[in-house]
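Chain by chain, the residues run as shown.
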Amino acid sequence: MIIPDGRELPKSDQMKLTKEEQSIYDGEQGEVLQKAMEILVALGKIYDAEELVPIRSVQIAGVSYKNLGEAGIEYLEWWVEHNANVQAFSTLNPAGIDLGRWKELGFKEDFSKNQHHIVDLYEKMGIVPTCTCTPYEIGNLPKFGDHLGWSESSAVSFANSYIGARTNREGGPSALAAALVGKTPCYGYHLDDVRKANAVFNVSADISSDADFGALGVLAGRETKKGVPYFKGLPAMRTFNFKQLGASMAASGSVALYHVHGQSPESRAGDMIAEDHEEFDIEGLDEAYEYLNTGGDDVDFVSMGCPHASMEEIMIIANMLKGRKVRSPLWITTSQATSCQATAYGYKDIIEGTGAKLISDTCMVVSPIEDFGYDTVATNSAKGCYYMQSWCNVRTRYGSMRQCIDAALTGRWQK
Ligand code: F3S
């Protein structure tokens, strides 16, 4: 069987399929469902899944035209031309532009046209065009134990770790296939045993600023790689601290699930440390800060909101900026829905009154930031540093929210 991108998939006869699933697999319910099912069965075969599991929701990555290109558009067009329609509630990852303000912000017309077309294609399949990597902030909020088919590494980490929902780190095509069928192969983080930690981190390093969580994630992600970390010794965490720690480990390793002793839901519910585990001591974070700080002292641009900013973060930033004027451009990226709320509560006016911008739908990594010619970008996102350094050809400065705001106000990085 050949799927739309030209790859040949193996026939599967080892996963247990229900009568309904077998009928989809045999093509009795149309070509779209058959192809989607074949992707899921092929994935199940690779990972030795025994069955499919129904999912509560899907988060679909692979939206920015910068990453998808023409081949990605053709792939999506095939599904739309064949009337594909999702069966699971599905939301969309960030796009490459602010869909409403792209012209004002200097995005190129051709890029923007292609980007709008991509979002339209997803919408035609019944996917809500949320364009955010924090869908749990705006209505795609699973509950403990729910099975999901999510892509987007930071969202996967948050759903697994903070919420205690269950998802593997899907790719764009497998997430779309899961959305179309409403099920995903049951392997990996859908299973109890795989969710136990195999790397225990005893943290004695001083964790006192919000940036320390991202820096810690750099060190822990490198050690854990694809495993499951368990943290001991962390101070009480705010919701956005979980977001920063998880996103950082998803970038420095491929961590999709972690536990924090006494704070994350599964660590509260029972013993989540596997018998066979390694122990690591983290006594300082200097190495991580050195890695993340490659830029100069003059800051050309400041990027906050990676992962997309929550209302709490927007409120904190607005309070820090209130009544001041920025010298370096400052973008705070978030979803359109959160931006609308921030407008209603007056935070957007405060932020934009300083010259900073509250940007929707996109972020500095998936937008074509390299076209703007910046040398040093300051950010409070360790994940952002990883990807901006490698994909966007910029040097980075990494620090706390306070340091990023000071950099925007003065144009200089204050150590
Ligand atoms: Fe989200 Fe973009 Fe960061 S997709 S996690 S804001 S790199």
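Residues numbered from 1 in each chain as written. Predicted model: local features only at pLDDT ≥ 70, side-chain atom pairs only at ≥ 80, totals over all residues. Heavy atoms only, no water.

## What to know about the packing of aromatic side chains
- Overall, the coordinates contain 21 aromatic pairs when judged by the stated rule.
- Relative to Trp331, the ring of Phe301 has its centre 5.3 Å away and its plane inclined at 70°; by these criteria the two rings are edge-to-face. Note that Phe301 is positioned in strand 10 (residues 301-304) and Trp331 in strand 11 (residues 330-334), a separation of 30 residues in sequence. (Phe/Tyr/Trp six-rings, centres within 6.5 Å; stacked < 30°, edge-to-face > 60°. Helix = DSSP H or I, 4+ residues; strand = E, 2+ residues; numbered from the N terminus.)

## Some remarks on the side chain of Gln115
- Relative to the elements of secondary structure, Gln115 occurs in helix 5 (residues 109-124).
- A distance of 2.8 Å separates a polar side-chain atom of Gln115 from the backbone nitrogen of Tyr65.
- For Gln115, the contacting residues outside a window of four places in its chain are Val63, Ser64, Tyr65, Ala95, Gly96, Ile97 and Leu99. (Polar contact = N/O pair within 3.5 Å; in protein donor to acceptor, adjacent residues only side chain to side chain. Contact = heavy atoms within 4.5 Å.)

## A closer look at the environment of Phe372
- For Phe372, the location among the structural elements is in the loop between strand 12 (357-360) and strand 13 (376-379).
- In this structure the C-alpha to C-alpha distance between Phe372 and Phe107, which are 265 residues apart in sequence, comes to 9.1 Å.
- Excluding anything up to four places from it in sequence, Phe372 contacts Leu105, Gly106 and Phe107.

## Overview of the sheet that holds strand 2 (residues 57-60)
- The strand order across the open sheet formed by three strands is 3-2-4, and the pairing between neighbours is parallel. The strands lining the two open edges of the sheet, one partner per strand, are strand 3 (89-92) and strand 4 (148-150). Neighbouring strand axes in the sheet, compared pairwise and without regard to direction, differ in orientation by 15° on average.
- Relative to strand 4, strand 2 runs parallel, the two being bridged by three bridges. Bridge assignment links Gln59 to a residue of strand 4, and that residue is Trp150. (Pairing = 2+ DSSP bridges. Axes fitted to C-alpha atoms, helices over the stretch in contact; angles between N-to-C directions.)

## Things to note about the site of the ligand
- Around the ligand, the structure places Pro94, Cys133, Glu152, Ser154, Gly305, Cys306, Pro307, Cys363, Val365 and Lys383.
- Given that more than half its atoms are within 2 Å of the pocket grid, the ligand belongs to the largest pocket.
- Class assignment for the residues of the shell around the ligand results in six nonpolar, two polar and two charged.
- A domain-level breakdown of the shell around the ligand finds at least three residues from each of domain 1 (19-185) and domain 3 (293-410). (Near = heavy atom within 4 Å. 1 Å grid on protein atoms, 1.4 Å probe; cavity = no way out; pocket = protein on both sides within 12 Å on 5 of 7 lines; lining within 4 Å. Sits in = over half its atoms within 2 Å of the grid points. Nonpolar A, V, L, I, M, F, W, Y, C, P; charged D, E, K, R; others polar. Domains from an automatic or database assignment.)

## Brief notes about the domain arrangement of the protein
- Partitioning the protein into structural domains gives domain 1 (19-185), domain 2 (196-286) and domain 3 (293-410).
- A straight line from the C-alpha centre of domain 1 to that of domain 2 covers 28 Å.
- Across the contact, 16 residues belong to domain 1 and 14 residues belong to domain 2.
- Summed over both partners, the interface of domain 1 with domain 2 comes to about 1200 Å²; 61% of that surface belongs to carbon and sulfur atoms. (Buried area = accessible area lost by both parts, 1.4 Å probe.)

## With respect to the confidence of the model for the protein
- Averaged over all residues, the pLDDT of the protein equals 95, while 97% of them reach at least 70.
- Segment residues 1-10 is flagged for pLDDT under 50; beyond a separation of four residues in sequence, or across chains, it makes 21 contacts in the model. (pLDDT = per-residue confidence, 0-100.)

## Side note on the packing of helix 2 (residues 31-46) against helix 3 (residues 65-81)
- Relative to each other, helix 2 and helix 3 sit at 130°, their axes nearing to 9 Å. Considered as vectors, helix 2 and helix 3 are oriented oblique to each other. Between helix 2 and helix 3, the contacting residues are Glu31, Val32, Lys35, Ala36 and Ile39 on the first element and Tyr75, Trp78 and Trp79 on the second.
- Residue composition of the contact of helix 2 with helix 3, by class: six nonpolar, no polar and two charged. (Parallel < 35°, antiparallel > 145°, perpendicular 65-115°, else oblique.)

## Observations regarding the pattern of salt bridges
- For the structure shown, the criterion picks out 19 salt bridges.
- In this structure, Lys183 engages Glu21 in a salt bridge whose closest nitrogen and oxygen atoms are separated by 2.8 Å. Of this pair, Lys183 sits in strand 5 (residues 183-185) while Glu21 sits in helix 1 (residues 19-25), placing them 162 residues apart in sequence.
- For Glu21, a relative accessible area of 3% puts it in the buried group.
- Ionic contacts of the salt-bridge type, sharing partners, join the residues Arg101, Glu104, Glu352 and Lys357 into one network. (Salt bridge = Lys/Arg side-chain N within 4 Å of Asp/Glu carboxyl O. Buried < 20%, exposed > 50% of the residue type's maximum accessible area, 1.4 Å probe, protein only.)

## Things to note about the environment of Pro329
- Secondary-structure assignment places Pro329 in the loop between helix 12 (311-321) and strand 11.
- What makes Pro329 partly exposed here is its relative accessible area of 34%.
- Separated by 159 residues in the primary sequence, Pro329 and Glu170 place their C-alpha atoms 34 Å from one another.
- Not counting residues within four places of it along the chain, the set of residues in contact with Pro329 comprises Asp300, Phe301 and Val302.

## What about the sheet that holds strand 13?
- Pairing is parallel in the open sheet, where five strands are placed in the order 12-11-10-13-14. The strands lining the two open edges of the sheet, one partner per strand, are strand 12 and strand 14 (395-398). Here the strands of the sheet are splayed against their neighbours by 30° on average, with no regard to which way each runs.
- Both strand 13 and strand 14 contribute to a ladder of four bridges, which runs parallel. Across the sheet, residue Thr379 finds its bridge partner in strand 14, namely Tyr398.
- Helix-sheet contacts for helix 15 (residues 382-391) involve strand 13 and strand 14, and the interaxial angle to strand 14 is about 170°.
- Along the sheet, helix 16 (residues 401-410) contacts strand 10, strand 11 and strand 13; its crossing angle with strand 10, the most-contacted strand, is approximately 150°.

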